[in-house]
Amino acid sequence: MSIERGILLLASIMIIVSTLLAMFVSINWLWFSLFVGFNMFQSVFTGFCPPKWLFKKIGMKSEAELSQFSPTH
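Note that the coordinates shown come from a computational prediction; the quantities given were computed from them, not determined experimentally.

S.K.: Would you mind showing me how to read the packing of aromatic side chains here?
M.R.: Two aromatic rings, taken as a pair, are described by how far apart their centres are and by the angle between their planes. Applying the stated criterion across every chain yields a total of two aromatic pairs. When the ring of Phe 41 is compared with that of Phe 45, the centres are 5.2 Å apart and the planes differ by 70°; the resulting orientation is edge-to-face. Taken together, the residues span about one helical turn, with Phe 41 and Phe 45 both in helix H2 (residues 30-46) at a distance of four residues. With respect to burial, Phe 41 and Phe 45 carry one shared label: exposed.

S.K.: I'm lost on the pattern of salt bridges in this one. Help?
M.R.: Any two side chains of opposite charge can pair, so long as their charged atoms come close to each other. Evaluation of the coordinates by the stated rule reveals one salt bridge. Residues Arg 5 and Glu 63 are paired through a salt bridge, measuring 3.5 Å at the closest nitrogen-oxygen approach. Of this pair, Arg 5 sits in helix H1 (residues 3-24) while Glu 63 sits in helix H4 (residues 63-68), and the two are 58 residues apart along the sequence. Owing to a relative accessible area of 37%, Glu 63 belongs among the partly exposed residues under this scheme.

S.K.: Can you help me understand H1 in this one?
M.R.: The periodicity of an α-helix, 3.6 residues per turn, causes residues three or four places apart in sequence to face the same way. Taking 1.5 Å of rise per residue, 22 residues should cover 32 Å, and H1 covers 31 Å from first to last C-alpha, within 8% of that figure. Buried residues belonging to H1 abut H2 and helix H3 (50-57).

S.K.: Whenever I open this one, the layout of surface pockets confuses me. Can you help?
M.R.: Its volume calculated, the largest pocket comes out at about 280 Å³. Residue assignment for the lining of the largest pocket shows that the elements contributing at least two residues are H1, H2 and H3. Looking at the lining of the largest pocket, the element that brings in the most residues is H2, giving six residues. The residue inventory of the lining of the largest pocket, partitioned by class, reads eleven nonpolar, three polar and one charged.

S.K.: Any chance you could explain the packing of H1 against H3 here in plain terms?
M.R.: Angle between the axes and distance between the axes: these two values describe a pair of packed helices. Remark: H1 packs on H3, axes separated minimally by 10 Å, with the N-to-C direction vectors making an angle of 125°. With respect to their mutual orientation, H1 and H3 come out oblique. Where H1 crosses over H3, the handedness of that crossing is right-handed. Each of Ile 3, Gly 6, Ile 7 and Leu 10 in H1 lies in contact with H3, whose residues at this interface are Pro 51, Lys 52, Phe 55 and Lys 56. Among the residues making up the contact of H1 with H3, the classes are represented as five nonpolar, one polar and two charged.

S.K.: Explain the confidence of the model for the protein to me, please; I cannot follow it from the model alone.
M.R.: In regions of low pLDDT, the predicted coordinates are not meant to be interpreted in detail. In the predicted model, the protein carries a mean pLDDT of 92, and the fraction of residues at 70 or more is 95%. Of all the helices and strands in the protein, H4 carries the lowest mean pLDDT, 89, while H1 carries the highest, 96.

Here is what the cut-offs are and how they apply
Residues numbered from 1 in each chain as written. Predicted model: local features only at pLDDT ≥ 70, side-chain atom pairs only at ≥ 80, totals over all residues. Heavy atoms only, no water. Phe/Tyr/Trp six-rings, centres within 6.5 Å; stacked < 30°, edge-to-face > 60°. Helix = DSSP H or I, 4+ residues; strand = E, 2+ residues; numbered from the N terminus. Buried < 20%, exposed > 50% of the residue type's maximum accessible area, 1.4 Å probe, protein only. Salt bridge = Lys/Arg side-chain N within 4 Å of Asp/Glu carboxyl O. Expected span 1.5 Å × (residues − 1). Contact = heavy atoms within 4.5 Å. 1 Å grid on protein atoms, 1.4 Å probe; cavity = no way out; pocket = protein on both sides within 12 Å on 5 of 7 lines; lining within 4 Å. Points joined across faces, edges and corners; volume = space filled by probe spheres on them. Nonpolar A, V, L, I, M, F, W, Y, C, P; charged D, E, K, R; others polar. Axes fitted to C-alpha atoms, helices over the stretch in contact; angles between N-to-C directions. Parallel < 35°, antiparallel > 145°, perpendicular 65-115°, else oblique. Left-handed = near helix turned anticlockwise from the far one by under 90°. pLDDT = per-residue confidence, 0-100.

Encoded structure:
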């Protein structure tokens, strides 16, 4: 899995979980969904994304890095 797909997976899971928590536990969990959305928004302009840094630290590769090592026959 690439870093880009990992970020999408992580963000979607976080939004789904916080929405379910807002529905069944407390409406205040929507603040977490707002935080996730804001983080995605600001990363478009700044390029700073904390999960990207974490995924690089654990050894995941970006789409560009993975395409360099794909075998071409």
